[in-house]
Amino acid sequence: MNKIPLSSSYRDPSGFVYQENGTIYRQINKSYQREYEQLLRTGLFTDLVKRGLLIPHEEIKKKPAKIIYKIIRPQPIPFISYVYEWCFSQLREAALVTLEIHRRALKFGMVLKDASPYNIQFLNGRPVLIDTLSFAIYEPGVPWIAYRQFCETFLSFLALMSQKDLSLGLILRAYIDGIPLITTAKLLPPKTWINFGLLTHIHLHSLSQAYYASREPGVPRQKISYANLIGLTDNLTQTITGMKPHFKNNGWINYYRDFSYSTKAMIDKQKCVSDFLGPGRYRMIWDLGANTGLFSRLAAKKADSVIAFDSSPEATEKNYQINLGKQDDKILPLVMDLTNPSPAVGWANEERMSLAERGPADMALALGLIHHLAIGNNIPFSKIAKFFKKITRKLIIEFVPKKDIQIIKMLNFRKDIFPDYTEKAFEVDFQKHFKILRKKTIADSLRSLYLMETI
Amino acid sequence: MRISIHKICLILIWTILILYFARPANAYLDPGSGSYIFQLIIGILLGATFSLKIFWKKIIGKLRKILSSWRKK
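Keep in mind the model is a prediction, meaning the values are calculated, not measured.

Asks: Can you explain the overall build of chain B? Please cite residues and give values.
Replies: Helix and strand content of chain B: 2 helices and 0 strands. Accessible surface for chain B amounts to roughly 5600 Å². Of this, 71% is attributable to carbon and sulfur atoms.

Okay, here's the thing in structure tokens:
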């Protein structure tokens, strides 16, 4: 039996997730039997799955042995993403889903014992809870055990992104288990003291933590009523619902409107990309430098899943909003700087996977990207090709020549130290890792598109 | 009505709890107890405002029904 436990699944004595012959399973231990039976018996499981809030699973028929109570096979998630890769609205939706699940659980006599963003994944464009063992039996009078975690993760991250800067989502790569409330409180601007929700759950909450940290309060005799727990959950929901992303005006969102392509060129580029994708269907396409997702939506017509990466949190937010409006559930936009992609983090650098570990994709689009990497970031073609070979099997890549208006603008105030930035050098370096299958110059443009396959 | 309840709560909480917690303390390694106790305190206020909100919604709902039945007459 080739049972490989997932390196991120070790903290919960109720069970763990493992992989066997390429399929993900969850082992439920006998210590969790009572909770699991209550989850099913009360109808909470059915209610949450019906509403698309909890991942459905199949019970695998197996004789209980030693500590094992049951084995379940959850519905697979096509692409695992992490909270530090989500745009503002994805994080807000994930937070609201967590609170909604907790509120519903209370009605069925259970509570969420974790409020970790890593328990949420995106399936068909919507956040779902993937940790089926996250439920505990409600004990009257006992406060919500996950309240602090919720405030230090979801609420803190959202507050910083909405009150300060969207790019603060990246802070979460450092504070993977949550930001200490005292730190969040110090980073937030003074106006948050007159926001009732943030005043309560961040500022006063952090002061309370500091106060009791150096004291021994003993076991409190007071209890919290059911109505008060509902009120707390409702207030957190209202606070988060009222948050808006803090947009700064930069050039990225208007990229397609302002620069580089005439209408004729844009139509031809779309036709060419569609043609290069071919008649078949891909399991997974990665759109690198997706911006607001124009080509992600084109690729989605020929794929089961499209992951749309862009370094701009604003463009990723816009991509997410457009897909919601079109009810396009195959695209997952994520914030990703390809010059500094998500590393492997957590215990022993194994808990959360790097970007490359979550690939390779069957096809990647690298449109309007090469010049940002090679000239904008001084990365040689050979290094770009080597990285792309690691993350995809096939590639549609656009070469942007030096005479292109974008590059002229980039080199306006910089010295041109790129004598090797030529189409010939590009082809030579890429052919060390890829076979060029097709090439076409875009009409009414200096740019060319290539279809390549790894060798 | 809802806005002024929140404003009153803001002032009350701000005054009482700021004065109570505003002494310097050495933040140590276990913030769990602070969160636990804070939830007990804040739960009372939030439970009350939530109950008031639900009650107020019911009143508004009933008033709307009465108004619309008057209009039909």
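So much for the structure itself; the text now carries on.
Asks: Please provide a residue-by-residue account of the pattern of salt bridges, values included.
Replies: Side-chain pairing between opposite charges can occur once the charged atoms of the two side chains come close. Residue and element names in this part refer to chain A. Scanning all chains against the criterion turns up 27 salt bridges over all chains. Note that Arg-126 and Glu-93 form a salt bridge whose closest N and O atoms lie 3.3 Å from each other. One end of the pair, Arg-126, is in strand S8 (residues 126-129); the other, Glu-93, is in helix H3 (residues 88-107), and 33 residues separate them in sequence. The class for Arg-126 is partly exposed, based on a relative accessible area of 34%. Salt-bridge contacts for Arg-447 lead to Glu-398; the nearest nitrogen and oxygen are separated by 3.5 Å. In this pair, Arg-447 is assigned in the loop between strand S15 (434-441) and strand S16 (448-454) and Glu-398 in strand S14 (residues 394-399), connecting sequence segments 49 residues apart. Across the pair, Glu-398 and Arg-447 agree in class, each one buried. In the salt-bridge network here, residues are joined through shared partners; they are Asp-47, Arg-51, Glu-100, Arg-103 and Arg-104.

Asks: I'd like a description of the sheet that holds strand S3 (residues 23-29) of chain A, backed by residues and values.
Replies: All names here are of chain A. Reading across from one edge, S1-S2-S3-S5-S4 is the order of the 5 strands in this open sheet, with antiparallel pairing throughout. Edge positions in the sheet fall to strand S1 (3-5) and strand S4 (57-60), since each has one partner strand and no second. Between one strand and the next, the sheet's axes are offset by a mean angle of 35°, whatever the strand orientation. Pairing geometry for S4 and strand S5 (residues 68-74), over 4 bridges, is antiparallel. Looking at the pairing, Glu-58 lines up with Arg-73 of S5. Lying on the sheet, helix H1 (residues 33-41) is in contact with S3, S4 and S5; it crosses S5 at an angle near 45°.

Asks: Explain the environment of Asp-310 of chain A to me, using residue names and the numbers behind them.
Replies: Residue and element names in this part refer to chain A. You can see Asp-310 is positioned in strand S11 (residues 303-310). The class of Asp-310 is buried, set by a relative accessible area of 6%. Along the sequence, Asp-310 and Val-335 sit 25 residues apart, while their C-alpha atoms lie 5.2 Å from each other. Those residues in contact with Asp-310 that sit more than four places away from it in its chain are Gly-289, Ala-290, Asn-291, Ala-315, Thr-316, Leu-334, Val-335 and Met-336. Separated by 2.9 Å, the side chain of Asp-310 and the backbone nitrogen of Ser-312 make a polar contact.

Asks: Quick one: what's the story with a nonpolar patch on the surface, residue by residue and with numbers?
Replies: Residues and elements named next belong to chain B. Taken together, Phe-55, Trp-56, Ile-59, Leu-63, Ile-66, Leu-67 and Trp-70 make up a surface patch of nonpolar side chains, about 720 Å² in accessible area. Tracing the backbone shows Trp-56 in helix H2 (residues 32-72). Here Trp-56 falls in the partly exposed class, since its relative accessible area comes to 40%.

Asks: Break down the sheet that holds strand S10 (residues 282-288) of chain A for me, with residues and values.
Replies: Residues and elements named next belong to chain A. If you trace the 7 strands from one edge of the open sheet to the other, you get S12-S11-S10-S13-S14-S16-S15, paired in mixed fashion. Strands at the two margins of the open sheet, each flanked by one partner only, are strand S12 (331-335) and S15. Ignoring which end each strand starts from, the neighbouring axes of this sheet average 20° apart. For S14 and S16, the ladder comprises 6 bridges, and the chain directions are antiparallel.

Asks: Outline the nonpolar core, supporting the account with residue identities and numerical values.
Replies: All names here are of chain A. The biggest cluster of nonpolar side chains holds 118 residues, and the ones touching the most others in it are Phe-135, Trp-144, Trp-286, Phe-388 and Phe-430. In terms of residue count, the dominant contributor to this core is helix H4 (residues 147-163) (10 residues). Core analysis: the second largest hydrophobic core is formed by 25 residues, Phe-276, Ile-285, Ala-290 and Leu-298 among them.

Asks: Lay out the packing of H4 of chain A against helix H6 (residues 196-213) of chain A with the relevant residues and their values.
Replies: All names here are of chain A. Across the interface, H4 lies against H6 with an axial gap of 10 Å and an inter-helix angle of 125°. Taken together, the axes of H4 and H6 lie oblique to each other. Both H4 and H6 take part in a crossing whose hand is left-handed. Counting all contacts with H4, which are made through Tyr-147, Arg-148, Cys-151, Glu-152, Leu-155, Ser-156, Ala-159 and Gln-163, the residues of H6 involved are Leu-198, His-201, Ile-202, His-205 and Gln-209. Among the residues forming the contact of H4 with H6, the class breakdown is 6 nonpolar, 5 polar and 2 charged.

Asks: Please set out the confidence of the model for chain B residue by residue, giving values where relevant.
Replies: All names here are of chain B. Looking at chain B as a whole, the pLDDT averages 76, with 71% of positions reaching at least 70. Here residues 23-29 scores under 50 on pLDDT; set against residues more than four positions off or in separate chains, the count is 11 contacts. Reported confidences for the modelled complex are a pTM of 0.90 and an ipTM of 0.81.

What counts as what
Residues numbered from 1 in each chain as written. Chains lettered and ligands numbered in written order. Predicted model: local features only at pLDDT ≥ 70, side-chain atom pairs only at ≥ 80, totals over all residues. Heavy atoms only, no water. Helix = DSSP H or I, 4+ residues; strand = E, 2+ residues; numbered from the N terminus. Areas by Shrake-Rupley, 256 points an atom, 1.4 Å probe, with all protein chains shown as cover. Salt bridge = Lys/Arg side-chain N within 4 Å of Asp/Glu carboxyl O. Buried < 20%, exposed > 50% of the residue type's maximum accessible area, 1.4 Å probe, protein only. Pairing = 2+ DSSP bridges. Axes fitted to C-alpha atoms, helices over the stretch in contact; angles between N-to-C directions. Contact = heavy atoms within 4.5 Å. Polar contact = N/O pair within 3.5 Å; in protein donor to acceptor, adjacent residues only side chain to side chain. Patch = residues over 30% accessible without salt bridge, like charges linked within 9 Å, V, L, I, M, F, W, Y side chains within 5 Å. Core = buried A, V, L, I, M, F, W, Y, C linked by side-chain atoms within 4.5 Å. Parallel < 35°, antiparallel > 145°, perpendicular 65-115°, else oblique. Left-handed = near helix turned anticlockwise from the far one by under 90°. Nonpolar A, V, L, I, M, F, W, Y, C, P; charged D, E, K, R; others polar. pLDDT = per-residue confidence, 0-100.

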